[in-house]
Amino acid sequence: MASHSGKSETSAEDERAGERQQLRLRRFSMAALSAVVTFLMLVTLYLNGMMDGRTILAGASAMGIGLVGFFIAFKRGWNLKAKDPSLTGPMMMLSAAVVFLIMFDSATARAIMGAYLCVIMLFGVFRYPTRVLMNTAIIFLGVYACMLAVLWLRGAQAADMAMDIGRLIVMACVLPLVAWVGGHINNLRNTLHDRKVFFQTIWDTCKEVVVVMDADGIIRYTNPAMKAVFDRDPAAMIGMHASSLQPAHVDVTHRLQHAVRTLEGPGAKACFETEGVRADGTRLPLEITLSRAYLDSADMVVVFLSDITKRKMAEDQIKHLAQHDPLTGLPNRMMMHERLAHALALATRQESAVWVLFLDFDRFKLINDSLGHKVGDIVLTTLAARMVEVCRETDTVARLGGDEFVMVLSETRGGKLSESIIERLMDKLAKPIHVNGHELQLTASIGISVFPEDGTTVDSLVEHADVAMYRAKQNGRNNFCFYTASMNDAAIARLELESDLRSALQRGEFRLHYQPQVDVASGETVGAEALLRWQHPTKGLIPPAAFIPLAEETGLIVPIGAWVIRAACEQQRKWMSAGLSPMRISVNLSPRQFAEDDLVETIQSILIETRIEPGYLELELTEGMLMSDVDLAEKRLAELKQLGVHLSIDDFGTGYSSLAYLKRFPIDVLKIDRSFVKDLSNEDNSKAIVMAIITLAKAMKLHVVAEGVELLEQEEYLRNACCDRIQGYLVSAPLPAPEFEENFLEKGALQVEAA
Ligand SMILES: Nc1nc2c(ncn2[C@@H]2O[C@@H]3COP(=O)(O)O[C@H]4[C@@H](O)[C@H](n5cnc6c(=O)[nH]c(N)nc65)O[C@@H]4COP(=O)(O)O[C@H]3[C@H]2O)c(=O)[nH]1
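Residues numbered from 1 in each chain as written. Predicted model: local features only at pLDDT ≥ 70, side-chain atom pairs only at ≥ 80, totals over all residues. Heavy atoms only, no water.

Inspection of every chain in the model, using the stated rule, returns 16 aromatic pairs. Here tryptophan 355 and phenylalanine 482 contribute two aromatic rings whose centre-to-centre distance is 5.2 Å and whose plane-to-plane angle is 85 degrees, an arrangement assigned as edge-to-face. Placement of the pair is tryptophan 355 in strand S6 (residues 354-362) and phenylalanine 482 in strand S12 (residues 480-482), with a sequence separation of 127 residues. With a relative accessible area of 9%, tryptophan 355 lands in the buried category. For the pair tyrosine 514 and tryptophan 575, a centre-to-centre distance of 5.3 Å together with 65 degrees between the ring planes defines the contact as edge-to-face. Of this pair, tyrosine 514 sits in strand S13 (residues 510-519) while tryptophan 575 sits in helix H18 (residues 557-577), placing them 61 residues apart in sequence. The two residues tyrosine 514 and tryptophan 575 agree in class, both being buried. Three or more aromatic residues joined by ring pairs make a cluster, and in this case those are Phe28, Phe70, Phe71 and Phe74. (Phe/Tyr/Trp six-rings, centres within 6.5 Å; stacked < 30°, edge-to-face > 60°. Helix = DSSP H or I, 4+ residues; strand = E, 2+ residues; numbered from the N terminus. Buried < 20%, exposed > 50% of the residue type's maximum accessible area, 1.4 Å probe, protein only.)

This paragraph deals with the site of the ligand. Near the ligand there are 21 residues, and of these Gln515, Asn588, Arg674, Glu710 and Tyr729 occur at the shortest range. Glutamine 515 is positioned with one of its side-chain polar atoms (N or O) 2.8 Å from a nitrogen atom of the ligand. Between the ligand and the protein, one listed contact pairs an oxygen atom with a side-chain N or O atom of arginine 533 at 2.8 Å. Surface burial for the ligand is 83%, taken as the share of its 790 Å² of free accessible area covered by protein chains. Of all the secondary structure elements, the ones that give two or more residues to the shell around the ligand are strand S14 (525-536) and strand S18 (646-652). Element by element, the count of residues in the shell around the ligand is highest for S14, at 4 residues. Of the residues that constitute the shell around the ligand, the class distribution is 8 nonpolar, 5 polar and 8 charged. (Near = heavy atom within 4 Å. Polar contact = N/O pair within 3.5 Å; in protein donor to acceptor, adjacent residues only side chain to side chain. Areas by Shrake-Rupley, 256 points an atom, 1.4 Å probe, with all protein chains shown as cover. Nonpolar A, V, L, I, M, F, W, Y, C, P; charged D, E, K, R; others polar.)

The subject of this paragraph is the sheet that holds strand S4 (residues 283-295). Here 5 strands make up an open sheet; going across it, the order is S2-S1-S5-S4-S3 and the pairing antiparallel. If you trace the sheet from one side to the other, it starts and ends with strand S2 (219-222) and strand S3 (269-277), each paired once. The sheet shows a mean angle of 30 degrees between the axes of neighbouring strands, taken without regard to direction. Note that strand S1 (residues 209-214) and S2 share 3 bridges and pair antiparallel. (Pairing = 2+ DSSP bridges. Axes fitted to C-alpha atoms, helices over the stretch in contact; angles between N-to-C directions.)

On the secondary structure map, arginine 533 appears in strand S14. For the buried arginine 533, no salt bridge exists, and the shortest N-O distance to an oppositely charged side chain is 8.6 Å, to glutamate 529. Sequence-distant contacts of arginine 533, defined by excluding residues within four places in its chain, comprise Glu509, Phe510, Arg511, His513, Leu541, Ile542, Pro544, Phe547 and Pro734. (Lys, Arg positive; Asp, Glu negative; His and termini not counted. Salt bridge = Lys/Arg side-chain N within 4 Å of Asp/Glu carboxyl O. Contact = heavy atoms within 4.5 Å.)

For arginine 399, the location among the structural elements is in strand S7 (residues 396-401). Within the local environment of arginine 399, its side chain forms a polar contact with the side chain of aspartate 325, the two groups lying 3.1 Å apart. Beyond its immediate stretch of four places on either side in the chain, arginine 399 contacts Asp325, Leu327, Thr328, Leu330, Pro331, Asn332, Arg333, Leu380, Glu404 and Phe405.

Our focus in this paragraph is a nonpolar patch on the surface. Together, Leu33, Val36, Val37, Phe39, Leu40 and Met41 make up a nonpolar patch on the protein surface, roughly 560 Å² of accessible area in all. Mapping leucine 40 onto the fold places it in helix H1 (residues 2-47). (Patch = residues over 30% accessible without salt bridge, like charges linked within 9 Å, V, L, I, M, F, W, Y side chains within 5 Å.)

For the rest of this paragraph, the subject is the pairing of strand S11 (residues 443-451). With respect to burial, S11 is a largely interior element, 9 of its 9 residues being buried. What you see with S11 is no split at all: Thr443, Ser445, Gly447, Ser449 and Phe451 on one side and Ala444, Ile446, Ile448 and Val450 on the other are buried throughout. In terms of strand pairing, S6 meets S11 through 9 bridges, oriented antiparallel. Across the sheet, residue phenylalanine 361 finds its bridge partner in S11, namely alanine 444.

Running from amino to carboxyl end, helix H20 (residues 599-610) crosses helix H22 (residues 630-643) at an angle of 15 degrees, the nearest separation of the two axes being 10 Å. Overall, the two elements H20 and H22 adopt an arrangement that is roughly parallel. Handedness of the crossing formed by H20 with H22: right-handed. Seen from H20, the contacting residues are Leu599, Val600, Ile603, Gln604 and Leu607; seen from H22, they are Arg636, Glu639, Leu640 and Leu643. In terms of residue class, the contact of H20 with H22 is built from 6 nonpolar, 1 polar and 2 charged. (Parallel < 35°, antiparallel > 145°, perpendicular 65-115°, else oblique. Left-handed = near helix turned anticlockwise from the far one by under 90°.)

This part is about the pairing of strand S16 (residues 584-588). Within a regular strand, the side chains alternate between the two sheet faces. A large share of S16 lies buried, amounting to 4 of its 5 residues. Relative to S16, S14 runs parallel, the two being bridged by 4 bridges. Bridged to alanine 530 within S16 is valine 587. Pairing of S16 with strand S17 (residues 617-622) involves 4 bridges; the strand directions are parallel. Note on S17: the bridge partner recorded for valine 587 is leucine 619.

Put simply, the chain has an average pLDDT of 86, and 94% of its residues get 70 or more. Ignoring residues within four places in sequence, the model shows residues 747-755, a span with pLDDT below 50, making 20 contacts including any to other chains. Scoring of the predicted complex yields 0.49 for pTM and 0.95 for ipTM. (pLDDT = per-residue confidence, 0-100.)

Turning to the sheet that holds S6, a few remarks are in order. Reading across from one edge, S7-S8-S6-S11-S12 is the order of the 5 strands in this open sheet, with mixed pairing throughout. Across the chains shown, the open sheet's two edge strands, defined by having one partner strand only, are S7 and S12. Averaged over neighbouring strand pairs, the angle between their axes works out to 20 degrees when direction is ignored. Two elements, S6 and strand S8 (residues 404-410), share 7 bridges in a ladder whose sense is antiparallel. For valine 354, the partnering residue across the bridge sits in S8 and is serine 410. Each of S6, S11 and S12 touches helix H15 (residues 458-474); the most contacted strand, S11, lies at about 140 degrees to it.

Right, let's get into the UniProt feature "transmembrane region" (unreviewed entry) in the chain. In the numbering adopted here, UniProt assigns the feature "transmembrane region" (unreviewed entry) to residues 28-49, 55-74, 94-126, 132-153 and 165-183. Secondary structure within residues 28-49 divides into 91% helix and 0% strand; the distance between the first and last C-alpha atoms comes to 31 Å. A distance of 27 Å separates the end C-alpha atoms of residues 165-183, which is 100% helix and 0% strand. (UniProt positions renumbered as here; feature names shortened; annotations may be inferred.)

On the surface, Glu13, Asp14, Glu15 and Glu19 cluster together into a negatively charged patch. In this fold, glutamate 15 is placed in helix H1. Take glutamate 15: its relative accessible area is 54%, and that puts it in the exposed class. (Charge placed at Lys NZ, Arg CZ, Asp CG, Glu CD.)

To continue, consider the environment of aspartate 377. On the secondary structure map, aspartate 377 appears in helix H13 (residues 373-390). For aspartate 377, a relative accessible area of 33% corresponds to the partly exposed category. In the structure, aspartate 377 is positioned 25 residues away from glycine 402 in sequence and 9.7 Å away in space, judged by C-alpha atoms.

This part takes up the pattern of salt bridges. Considering all chains together, one arrives at 27 salt bridges under this definition. Between lysine 698 and aspartate 724 there is a salt bridge, with its nearest N and O atoms 2.8 Å apart. Of this pair, lysine 698 sits in helix H25 (residues 684-699) while aspartate 724 is found in the loop between helix H26 (712-720) and strand S21 (725-726), placing the two residues 26 residues apart along the sequence. Residue class for aspartate 724 comes out buried when judged on its relative accessible area of 18%. By sharing partners, the salt bridges in this structure join Glu273, Glu287, Arg311, Lys312 and Glu315 into a single network.

Written as structure tokens, this is what we have:
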């Protein structure tokens, strides 16, 4: 099989070689024929007495012998051994030898060959580069000069010599010039050809449609992109009017004409966007760029048509993203502004009212913190959908961020706005939401401002609705409140508080009070909780509840919280330096602080600077902080634990702690929330809860501290329930450091193992 295919390959090759040899023979025959024709021409010259018969005979014989030799070589295949089997070189040398032989003998032949060469050179300028032409001219002139020298030596006639020398001089002047000019023409021709290929490639591969049209809008040229973009045959478009590329309802003739008129000077261009139509009738957005060009003796307009479908889609998407909230798909603050401005303009004309509702969901932060952002997101989208359901199409529901929403309700001619809409909205929002097995019930605090009574601008109405919302929250959650001028005062006060809070740290207005923690069994003070106070220059001592939420909201809690830890450690150091027995001091950590990446480093550097053993510092965390991101909490707690500080869960029982998670956290202490302690005397439920917490803590080998112990009977119950420690007014209210020192340290505080 293999040898068979090998054979067939060889025979095919032989066949091709045979064909090539035949071709060479044919070419040779044509060259021989041209030699015969030349010979006939020479015979004509001879018959007219212009050439010597001997010369012609000698030339013809030499040529004849040479041609026969070549013929035999081709027939026998000798030529195949040569480098160039066509034998072009030897044949040219034979021709040149014969030509020079004839020229040598005949002045006429020299004259004819000179003229012949000039003609060849002239035509050659379109084909050969300067170098080739110049070489040919020099060789010819050199051989010619040598020939004349030999003739002169042989004593040629003076008249003939003069003619030949004159011819040689003329040719010496003309031929290099022809060669030089010819070379240039040839270069230009090549450049033009290259440019043509270059621009043709651009024309053919350009993704933009290029249309060259005359002053009447008739398409003269267009490129292959026409097919790709408009699905139309470019050849078929030639001669059609450019308007055939547009949908029937779009007429840009005037725009086009106007744009063309504005094009002044070379390189001027005009640009605009419009719509085009494909062969199947579908439309596409186009960007048109026009410029003028002069072609075929006429003014032309060159039009670039770019398909901007993708760009338009991206623009629309960006616009949508810029104007909408990505989570709920509702308009965002920017679009709410636009819509409200529009609603106000309309209401001014129609002399109707517009209500701006500012909504904030009560307890949302707690849900978000304790059940995680994913649950928070589901809750928000559910609430957003409910708000939209209550609205009419002309109304707007927007999300400003977090759990803050704004609704813009416009009064129509048919119906007045009334409180019943708000009640309907609140009922709808308060319906339970089921997420991941949790049944969540959220309520909204709603502030309402009314146009035109409460403001005539977008900003004032939104601001006033916000102020009213704060009041609604203060009045107890799940409430709504219409704005009144006096509310503004409260909002201003809040702003003032915020600005005072910002400078309180620099001004050194913060203080720490210490509340003792007492061992139930021994009655001895075994620790203290450091609690923050703000000594305001005009308002006096402000309790933390009045400013911690604001500090948390503004982020100021991070530097304030760091100050608390430092102040507590410094106080501890002072007491130790004064020879007082050290005890563990606990400080509260806020959610923001806990989330800070450099929390551990901050605490570590404070401990090092104040030379306090980590075991004397206890950090109080809330359940919400741990549950909002369990993985982060686990990592952060491990880092803190490694540092050596004590960890406790504050207000235990009020959050959403899963006991399974509790096991993952390296906690030392559970603090029973004071709401359970408060109800110990009269509520069986609280007793059960307190007992459960203590049992749980014991099972997990944790210490238990009961907060807010005010009454002896509460202490008694806790003692019987084997609670480790108590903290509360029964022992002492939080005290400034000197009083705490006097009452609880000097009286012989018990030393606690810092481990
Ligand atoms: N009714 C009653 N209350 C008692 C009794 N014993 C103590 N208390 C009060 O209960 C609060 C205990 O602190 P907390 O649960 O950590 O609750 C703290 C804590 O969450 C926060 N807080 C206080 N200081 C800081 C701080 O430095 N940083 C952070 N992030 N939060 C702090 O402010 C909350 C309130 O602090 P305070 O106003 O100092 O209120 C303190 C304390 O004065 C009692 O027998 N009965």
